[in-house]
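Now for the letters of each chain:
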Amino acid sequence: QDEGRTRRILADLDAGRAVEQLLLHYQPQVSMTTGEVVGFEALVRWDHDELGQLTAREFIPLAERTGSMGPITLAVLERALGDMAELQRLAPGARLAINVTRRHVLTRGLVDNLCASVRRHGLSPQDIVLEVSEPATGLASESSDVFDTLSRDGFAVSIRGFGTARSSLTALWNNPAISEVKVDPSIAALVEDDKTLRLVRALLSAAHSLGIRVVAEGVEEAAAAAALRRLGCDVLQGFVVCPPVPLAELRDWCASWRRERVLDLGA
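Residues numbered from 1 in each chain as written. Predicted model: local features only at pLDDT ≥ 70, side-chain atom pairs only at ≥ 80, totals over all residues. Heavy atoms only, no water.

Novice: Whenever I open this one, the overall build of the protein confuses me. Can you help?
Specialist: When its secondary structure is counted, the protein shows 13 helices and nine strands. In terms of overall size, the protein behaves like a compact globule, its C-alpha atoms giving a radius of gyration of 18 Å where 267 residues would be expected to give roughly 18 Å. In terms of its C-alpha atoms, the protein occupies a principal-axis envelope of roughly 55 × 45 × 45 Å. A total of 267 residues make up the protein; the buried ones form 51% of that total. Of the contacts made within the protein by residues no fewer than 6 positions apart, 69% connect residues no fewer than 24 positions apart. Total accessible area on the protein stands at roughly 12200 Å², and carbon and sulfur atoms take up 50% of it. (Helix = DSSP H or I, 4+ residues; strand = E, 2+ residues; numbered from the N terminus. Rg over C-alpha atoms; globule rule 2.2 N^0.38 Å. Buried < 20%, exposed > 50% of the residue type's maximum accessible area, 1.4 Å probe, protein only. Contact = heavy atoms within 4.5 Å. Areas by Shrake-Rupley, 256 points an atom, 1.4 Å probe, with all protein chains shown as cover.)

Novice: Explain helix α12 (residues 247-256) here, please?
Specialist: Residues that lie three or four places apart on an α-helix share one face, since the helix turns once every 3.6 residues. The set of residues buried in α12 consists of Leu247, Leu250, Trp253 and Cys254. Mapping the buried residues of α12 onto a view down its axis gives an arc of 100°, with all of them on the same face. In α12, the exposed positions angled more than 90 degrees off the buried face are occupied by Asp252 and Ala255. Contacts from the buried residues of α12 go to β1 (22-31), β2 (37-48) and α4 (69-90). (Arc of directions from axis to C-beta.)

Novice: Sorry if this is basic, but what is going on with helix α3 (residues 56-66) here?
Specialist: Buried within α3 are the following residues: Phe59, Ile60, Leu62 and Ala63. Buried residues belonging to α3 abut α1 (3-14), β1, β2, β3 (52-55) and α4. Once α3 ends, the next one or two residues include Gly67, with phi positive near 80°.

Novice: Looking at this structure, I do not really get the packing of aromatic side chains. What am I missing?
Specialist: Each aromatic ring pair is characterised by the separation of its centres together with the angle its planes make. Under the definition given, this model contains two aromatic pairs. With centroids separated by 5.4 Å and ring planes inclined at 75°, the aromatic side chains of Trp46 and Phe59 adopt a geometry described as edge-to-face. Of this pair, Trp46 sits in strand β2 while Phe59 sits in helix α3; the two residues are 13 residues apart in sequence, bridging distant segments of the chain. Here Trp46 and Phe59 have matching classes, each one buried. Taken together, a centroid distance of 5.1 Å and an interplanar angle of 25° make the contact between Trp253 and Trp257 stacked. (Phe/Tyr/Trp six-rings, centres within 6.5 Å; stacked < 30°, edge-to-face > 60°.)

Novice: Looking at this structure, how should I read the pairing of strand β5 (residues 128-133)?
Specialist: When a strand is regular, its side chains alternate between the sheet's two faces. Across the six residues of β5, five count as buried, placing the element largely inside the fold. Examined bridge by bridge, strand β4 (residues 95-99) and β5 share four bridges and lie parallel to one another. Residue Leu96 lies in a different strand from β5, and its bridge partner there is Ile128. Sheet analysis places β5 next to strand β6 (residues 156-162), joined by five bridges and oriented parallel. Bridge pairing in β6 links Leu130 to Val157. (Pairing = 2+ DSSP bridges.)

Novice: So what exactly am I meant to see when it comes to the pattern of salt bridges here?
Specialist: Once their charged atoms are close, side chains differing in charge can pair, the charge on each being opposite to the other. Overall, the coordinates contain 19 salt bridges when judged by the stated rule. Ionic pairing is found between Arg5 and Glu58, a salt bridge with its closest N-O pair at 3.0 Å. Taken together, the residues Arg5 in helix α1 and Glu58 in helix α3 connect sequence positions 53 residues apart. Residue classification places Arg5 among the partly exposed residues on the basis of a relative accessible area of 23%. Notably, a salt bridge pairs Arg120 with Glu78, separated by 2.4 Å at the nearest N-O pair. (Salt bridge = Lys/Arg side-chain N within 4 Å of Asp/Glu carboxyl O.)

Novice: Is there a simple way to explain the side chain of Thr73 in this structure?
Specialist: With respect to the element layout, Thr73 can be found in helix α4. Of the residues examined, Thr73 reaches a relative accessible area of 4% and is grouped as buried. If sequence neighbours within four positions are ignored, Thr73 has contacts with Val100 and His104.

Novice: Just to check I follow, could you spell out the side chain of Glu86 for this structure?
Specialist: Considering the arrangement of structural elements, one finds Glu86 in helix α4. Residue Glu86 is classed as buried on the basis of its relative accessible area of 18%. Polar side-chain contacts of Glu86 include one of 2.9 Å to the side chain of Arg89. Look past the residues within four positions of Glu86 in its chain and what remains in contact with it is Leu247 and Arg251. (Polar contact = N/O pair within 3.5 Å; in protein donor to acceptor, adjacent residues only side chain to side chain.)

Here it is, written out as structure tokens:
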């Protein structure tokens, strides 16, 4: 980002404008076994009145820096949970994945806010997956306590960027509340390489031995998706299935989706 653009984003974050201009896009997740839609990840965008539509990567790190991440996270939770009834109508039984930042994981109000929002929308905690980037698992005792509380309340905890940090396997062992991991897109993209293939096979074996579901995230090519399916990856997410789209476009996608597209991979 150039300096002027960054200054404008920071100023608008300080003024609280982001919360009023947030949009949610959803990216489907499909089972590698059945081809059925099993979940959706909520991805936030900022529909800025001058800078256009900003991705999370463009403003979330700045929001964390300015301390304005809390209201943004609460707004995303409210809007995503409000869409949940429609999402489950499109794909019965599908779960909703929502990203929470490292700092917000350690905010004690997170669990209370989540439980209150879920009740208000008439949902079950079992419908919700909270995605946390892997570095948060390095905060061993603090993050483990929060993960345990979330798990006891019925929420699923997913770790993003799995396989990119040295703590990957120990993170699973030290945090039994983790029920899902997401293989990092940089690894998924290279899965046809022999060295990477061996790494992914080891990660899958470790995760599955602990009863943890493995999602391949950011998969763009059919060949990579086929390789991941042969390795035993559980869930597929990425442009090879569908890009993140607004809820209105998701309705059309769900109507046209054919599970055979996954079942034919690598056949």
